[in-house]
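Coordinate inspection notes
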Amino acid sequence: MTAAALDLREHLARRFPDAIPLAGRREAGLATGISAFDSVLPNNGLPRGRPTVWSMPAIGATAILSAACRGVLASGLRAAWIDGSRTLGLGWDAGPVMLRPRTPLLGLRFAELLLVSGGFALVVMHGIPADRTTLFRLARAVHEGGGAFAMIAEGTLPAALRLRSRYLPERFDYARTPFGDAAALRSVTLAIDATSSGWNATTTLSLPFRSHDVRSALDPGLADRRG
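Scope of this entry: the structure provided in the associated data block.

Quick notes on the pattern of salt bridges
Oppositely charged side chains are able to pair whenever their charged atoms sit close together. Counting across every chain of the model gives 5 salt bridges. Of the charged contacts in the structure, one is a salt bridge between Asp83 and Arg100, with a shortest N-O distance of 3.5 Å. Note that Asp83 is positioned in strand E2 (residues 79-83) and Arg100 in the loop between strand E3 (97-99) and helix H4 (104-117), a separation of 17 residues in sequence. Salt-bridge contacts for Arg186 lead to Asp173; the nearest nitrogen and oxygen are separated by 3.1 Å. Residue Arg186 is found in strand E8 (residues 182-196), and its partner Asp173 is found in strand E7 (residues 173-176); the two are separated by 13 residues along the sequence. Each of the salt bridges in this network shares a partner with another, and the network as a whole consists of Arg109, Glu112 and Arg137.

Here you go:
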């Protein structure tokens, strides 16, 4: 890089902090407490004041971001989760603030209010469709509030940080029979790609696999009445 270009970059960094690549900013990211995940993110954490979009199919995103919420709570900060798809279980009493909006529009309004309040270090939104215009509006809100905002979304949306994930089947871990055959899946391994302006990195994570009995009652507090 030439001296003139370096001078321009320093000038932009002083006058327009948002105009330099995310990886070059000195502001510390919001650590999730998942070391392998934080290490692949610019500034060792989710960007503050700027949106993160995890593109569908978002393999493992729910598990990783819910663990990130618990990590944020363990550090004494607040976290919130907007579950527009209503797919998460109800046993989150000790977890982040859980909101289940009746409509997508209401979910977007919830997100905007939480982000602009500045009272939540991390807000996660899942199951709420959003277009570019909506994302720009949420980007303004998170910029005002200064927290971190992670959104699991369909399509390609502009964001300060973009995440993609995929399975690595060749690295799955199986319990074996006495004859050495695969009997039951114990953990899955996935690759996570993190991309922003001036940043491109990949890491791998292994997640434990647990099977659950299918229940007729979605509320865990109700008896399972399958006859």
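So, the packing of H4 against helix H5 (residues 132-145)
The geometry of H4 relative to H5 is characterised by a closest axis approach of 7 Å and an angle of 25° between their N-to-C directions. Between H4 and H5, the crossing angle belongs to the class labelled roughly parallel. Within the contact between the two elements, H4 uses Leu108, Ala111, Glu112, Leu115 and Val116 and H5 uses Thr134, Arg137, Leu138, Ala141, Val142, Glu144 and Gly145. The residue makeup of the contact of H4 with H5, split by class, is 7 nonpolar, 2 polar and 3 charged.

What about unusual backbone geometry?
Residue Met56 is joined to Pro57 through a cis peptide bond whose omega torsion reads 10°. At Asn43, a position not held by glycine, the phi torsion is positive, near 60°. With respect to the helices, strands and loops of the structure, Asn43 is situated in the loop between helix H2 (35-38) and strand E1 (51-55). Taking relative accessible area as the criterion, Asn43 reaches 23% and is therefore assigned partly exposed. You will see that Asn44, though not glycine, has its phi angle at about 60°, which is positive.

The rules behind each value
- Residues numbered from 1 in each chain as written.
- Predicted model: local features only at pLDDT ≥ 70, side-chain atom pairs only at ≥ 80, totals over all residues.
- Heavy atoms only, no water.
- Salt bridge = Lys/Arg side-chain N within 4 Å of Asp/Glu carboxyl O.
- Helix = DSSP H or I, 4+ residues; strand = E, 2+ residues; numbered from the N terminus.
- Axes fitted to C-alpha atoms, helices over the stretch in contact; angles between N-to-C directions.
- Parallel < 35°, antiparallel > 145°, perpendicular 65-115°, else oblique.
- Contact = heavy atoms within 4.5 Å.
- Nonpolar A, V, L, I, M, F, W, Y, C, P; charged D, E, K, R; others polar.
- Buried < 20%, exposed > 50% of the residue type's maximum accessible area, 1.4 Å probe, protein only.

Any link to function would need more than the numbers given here.
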